[in-house]
Amino acid sequence: MGPIRVAIIDDYDVVVRGLATMLRLYSHRVSVQALSTSGDVSEPVDIALYDSFANRPPIGRRSTRC
């Protein structure tokens, strides 16, 4: 059995890259397959580490940022 394939998804690039760096110590057990700040992952993975509190606007609403 090979390492677990992981996708890291967060709206902050620093979080995504930081977690990927931390997981390098466990490369014999964990293989980071995808890094995403948009939520798009095109490769098959076993686990997705996803920030459920990400700052995304609710579905059907537009952003009010200027």
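Only a predicted model underlies this, so the values are computations on that prediction, with no experimental measurement involved.

*Asks:* Hey, could you run me through the overall build of the protein chain in this one?
*Replies:* Helices and strands together make up the secondary structure of the protein chain, namely one helix and three strands. The order of helices and strands in the protein chain, counted from the N terminus, is β-α-β-β. Taken over 66 residues, the protein chain has a buried fraction of 18%. Here the protein chain has roughly 5500 Å² of accessible surface; of this, 55% comes from carbon and sulfur atoms.

*Asks:* Before we go on, may I ask you to explain the side chain of Ser31 in this structure?
*Replies:* By the element assignment, Ser31 lies in strand E2 (residues 30-36). At 2.6 Å, the side chain of Ser31 and the side chain of Gln33 are in polar contact.

*Asks:* What is the right way to read the environment of Tyr12 from this model?
*Replies:* Counting through the fold element by element, Tyr12 comes out in the loop between strand E1 (4-9) and helix H1 (13-23). Put simply, Tyr12 and Asp51 are 39 residues apart on the chain and 9.6 Å apart in space, counted from C-alpha to C-alpha.

*Asks:* I keep staring at the side chain of Asp10 and nothing clicks. Help me out?
*Replies:* Its place among the elements puts Asp10 in the loop between E1 and H1. Polar side-chain contacts of Asp10 include one of 2.8 Å to the backbone nitrogen of Tyr12. Among all residues touching Asp10, those that are not within four sequence positions of it are Val15, Val16, Ser36, Thr37 and Asp51.

*Asks:* I'm lost on the sheet that holds E2 in this one. Help?
*Replies:* In a beta sheet, neighbouring strands are held together by backbone hydrogen bonds and run either parallel or antiparallel to one another. Read from one edge to the other, the open sheet built from three strands follows the order E2-E1-E3, with strand pairing classed as parallel. Among the strands making up the open sheet, the edge pair consists of E2 and strand E3 (47-50). On average, each strand axis in the sheet is inclined to that of its neighbour by 25 degrees, with strand direction left out of account. The pairing of E1 with E3 spans four bridges and is classified as parallel. If you follow Ala7 over to E3, its bridge partner there is Ala48. The sheet strands contacting H1 are E1, E2 and E3, and the helix crosses E2 at an angle near 170 degrees.

What counts and how
Think of each chain on its own: its residues are numbered from 1, step by step along the sequence as written. Only residues with pLDDT of 70 or above have their local features reported here, since the model is predicted, and side-chain atom pairs are shown and tallied only from 80 upward, although totals for entire chains, interfaces and linings are computed over all residues. Remark: hydrogens and water are excluded; side-chain values derive from all non-hydrogen atoms of the structure. Secondary structure counts use DSSP, requiring at least four H or I residues in a row for a helix and at least two E residues in a row for a strand, with both numbered from the N terminus. For the exposure calls, accessible area comes from a 1.4 Å probe over protein chains only, and a residue counts as buried if that area is under 20% of its type's maximum, exposed if over 50%, partly exposed in between. Shrake-Rupley sampling with a 1.4 Å probe provides the accessible areas, and residues are treated as covered by the protein chains on show and by no other component. Two N or O atoms form a polar contact when they lie within 3.5 Å of each other; inside protein one atom must be a possible hydrogen donor and the other a possible acceptor, and for residues adjacent in sequence the pair counts only when both atoms belong to side chains. We call two residues contacting when some pair of their heavy atoms lies within 4.5 Å. Pairing between two strands requires that DSSP report at least two bridges joining them. A fitted line through C-alpha atoms represents every axis, and for helices the fit uses only the stretch in contact; the resulting angles, taken between N-to-C directions, go from 0 to 180 degrees.

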